[in-house]
Amino acid sequence: MDLTHLRYFHVTAAAGSMSAAARKLGISQPSLTVAIRHLEKHLGTTLFLRERNGVRLTSTGELLLRHATNVLALIEHAEQDVRGLESDEVGSFVIGCHESLGAYFLPRFMASFLREAPRIELTLWNGSSAAVVEAVIDRRVNFGLVVNTKPHPDLVIVSLFEDAVDFFIATPPAGAPAVTQLEEAHRRLREAPLIFAGRVFQSQELLEQLAAKKLRPHRLLSCGDLELVKSLTLAEIGIGLLPRRVAAYGQEGRLRRLHPSLPFFPDTISLVYRADGHRTRAALRLKEALVRYGRGLGTSAS
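Nothing here was measured: the structure is a model prediction, and the numbers come from that model. (Residues numbered from 1 in each chain as written. Predicted model: local features only at pLDDT ≥ 70, side-chain atom pairs only at ≥ 80, totals over all residues. Heavy atoms only, no water.)

S.K.: Which residues make up unusual backbone geometry, and what are the values?
M.R.: Leaving glycine out, the prevailing phi sign among residues is negative, and the prevailing peptide bond configuration is trans. Even without being glycine, Arg-139 reaches a positive phi, approximately 70°. By the secondary structure assignment, Arg-139 is in the loop between helix H6 (129-137) and strand S5 (143-147). Non-glycine residue Asn-148 carries a positive phi angle of around 50°. (Helix = DSSP H or I, 4+ residues; strand = E, 2+ residues; numbered from the N terminus.)

Here it is as structure tokens:
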């Protein structure tokens, strides 16, 4: 069924006159007559009875009018929704990131963003940075917060802030001596258990650097999760290998670097999204908010 013909029918039924409907539609009366006849032929029925003062709907015409009213209203609603999605701050998006990164990045960001953009819905997707990148490429995630990502032809990569994986210990009680001498830090590295997330590439790199300096600890405690590394380090089980921002969030001052002269692994946290992503007003608002907040974190590096 031709949608234009259906609109012509709807206007004619409301006007009760072919000539009045033609004027309202801005077309000639013969063109309108031809369109109505095409519609009647397509449906195999007569829709209007022609009378001296205009036209009157047949029973099949009345039935079609009810359906046409619903269909045209639905189309109008769809058009309004689509135009609104393009021009209004309305939409639903998925943000992907590693759990530990999200734990310090997302709470304040989401509290502010959801308050300022109440018609934008956010869903969270968690995984390693590599998994987040793949999810963005596969269009399962709209915006990814990732660590040390590599260029990809399908992605836009926006650097946000720096971090580093470092050696941490629980802060000594008041009055207890701090580790100020590098030799003491080396001794503790060799003797204390070193707690690390085995699947984190940066941890493996730092272990190799320690081995090259003959500082590889005698006791290694591998975990599958940075949050567990943090909890065990806070419990003074040993020395933890943690990103500085992960060590700092929620436990201000309770963890400290073992020694500033020890090796560390620098990280760059970036926002990634598809280069061909649909740039609605809401998508642009979310992207700009993520960049602004992330770069703001760069001014408060640990």
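There is more to say, and it comes next.
S.K.: Give me the lowdown on the packing of aromatic side chains, citing residues and values where you can.
M.R.: All told, the structure shown has 11 aromatic pairs when counted by the stated rule. Considering the side-chain rings of Phe-9 and Phe-48, the 5.4 Å spacing of their centres and the 50° angle between planes classify their relative orientation as tilted. Of this pair, Phe-9 sits in helix H1 (residues 3-15) while Phe-48 sits in strand S1 (residues 48-51), placing them 39 residues apart in sequence. Across this residue pair, the class does not change: Phe-9 and Phe-48 are buried. Their ring planes at 55° and their centres at 6.3 Å tell us that Phe-93 and Phe-143 sit as a pair that is tilted. Here Phe-143 lies in strand S5 and Phe-93 lies in strand S3 (residues 91-97), a separation of 50 residues in the sequence. For Phe-93, a relative accessible area of 8% puts it in the buried group. Of the residues examined, Phe-143 reaches a relative accessible area of 5% and is grouped as buried. Here a set of aromatic residues connected by ring pairs shows up, and it is made of Tyr-104, Phe-105, Phe-109, Phe-113, Phe-161, Tyr-249 and Tyr-293. For Lys-230, the ring lying beneath its charged end belongs to Tyr-249, and the centroid distance is 3.6 Å. The ring of Phe-264 carries Arg-244 above its face, with NZ or CZ at 4.6 Å from the centroid. (Phe/Tyr/Trp six-rings, centres within 6.5 Å; stacked < 30°, edge-to-face > 60°. Buried < 20%, exposed > 50% of the residue type's maximum accessible area, 1.4 Å probe, protein only. Lys NZ or Arg CZ within 6 Å of the ring centre and 35° of its normal.)

S.K.: Explain the pattern of salt bridges to me, using residue names and the numbers behind them.
M.R.: All chains considered together, the criterion is met by 10 salt bridges. Ionic pairing is found between Glu-184 and Arg-187, a salt bridge with its closest N-O pair at 2.6 Å. With Glu-184 and Arg-187 both in helix H7 (residues 182-191), this residue pair falls three residues apart, about one helical turn. Note that Asp-276 and Arg-274 form a salt bridge whose closest N and O atoms lie 2.8 Å from each other. When its relative accessible area of 46% is taken as the criterion, Asp-276 is described as partly exposed. Judged by its relative accessible area of 14%, Arg-274 is buried. Here the residues in one salt-bridge network are Arg-139, Arg-274 and Asp-276, joined through shared partners. (Salt bridge = Lys/Arg side-chain N within 4 Å of Asp/Glu carboxyl O.)

S.K.: I'd like a description of the nonpolar core, backed by residues and values.
M.R.: In this structure, Phe-105, Phe-109, Leu-122, Leu-145, Leu-271 and Leu-286 are the most contacted members of the largest nonpolar core, which totals 40 residues. Dropping the residues within four chain positions of it, Leu-122 is found in contact with Phe-93, Ile-95, Phe-109, Met-110, Phe-113, Leu-114 and Leu-286. (Core = buried A, V, L, I, M, F, W, Y, C linked by side-chain atoms within 4.5 Å. Contact = heavy atoms within 4.5 Å.)

S.K.: If you had to explain helix H11 (residues 281-297) to someone new, which residues and values would you point to?
M.R.: With 17 residues, H11 extends 25 Å from end C-alpha to end C-alpha; this agrees with the ideal 24 Å at 1.5 Å per step. Those residues of H11 that sit buried are Ala-282, Ala-283, Arg-285, Leu-286, Ala-289, Leu-290, Val-291, Gly-294 and Leu-297. (Expected span 1.5 Å × (residues − 1).)

S.K.: Residue-level account of the packing of H1 against helix H3 (residues 29-43), with values.
M.R.: Here H1 crosses H3 at 110°, and the two axes come no closer than 9 Å. By the angle class used here, H1 and H3 are roughly perpendicular. In this structure, the crossing between H1 and H3 has a hand that is left-handed. Across from His-5, Tyr-8, Phe-9 and Thr-12 in H1, the residues of H3 making contact are Leu-32, Ala-35, Ile-36, His-38 and Leu-39. (Axes fitted to C-alpha atoms, helices over the stretch in contact; angles between N-to-C directions. Parallel < 35°, antiparallel > 145°, perpendicular 65-115°, else oblique. Left-handed = near helix turned anticlockwise from the far one by under 90°.)

S.K.: Give a description of the pairing of strand S2 (residues 54-57) that names residues and reports values.
M.R.: Of the strand pairs in this sheet, S1 and S2 are connected by four bridges, and their pairing is antiparallel. Residue Leu-49 lies in a different strand from S2, and its bridge partner there is Arg-56. Between S1 and S2, which pair antiparallel and follow one another directly, the connecting turn spans two residues. (Pairing = 2+ DSSP bridges.)

S.K.: Quick rundown of the pairing of strand S11 (residues 265-274)? Include the residues and the values.
M.R.: Burial analysis of S11 places eight of its 10 residues in the buried class, which makes it a mostly covered element. Pairing of S5 with S11, which is carried by four bridges, proceeds in the antiparallel orientation. Each bridged residue has a counterpart across the sheet, and for Val-147 the counterpart in S11 is Ile-269. Across 10 bridges, the pairing between strand S6 (residues 155-170) and S11 is antiparallel. Across the sheet, Glu-162 pairs through a bridge with Thr-268, a residue of S11.

Remember that the coordinates give geometry; whether it matters functionally is a separate question.
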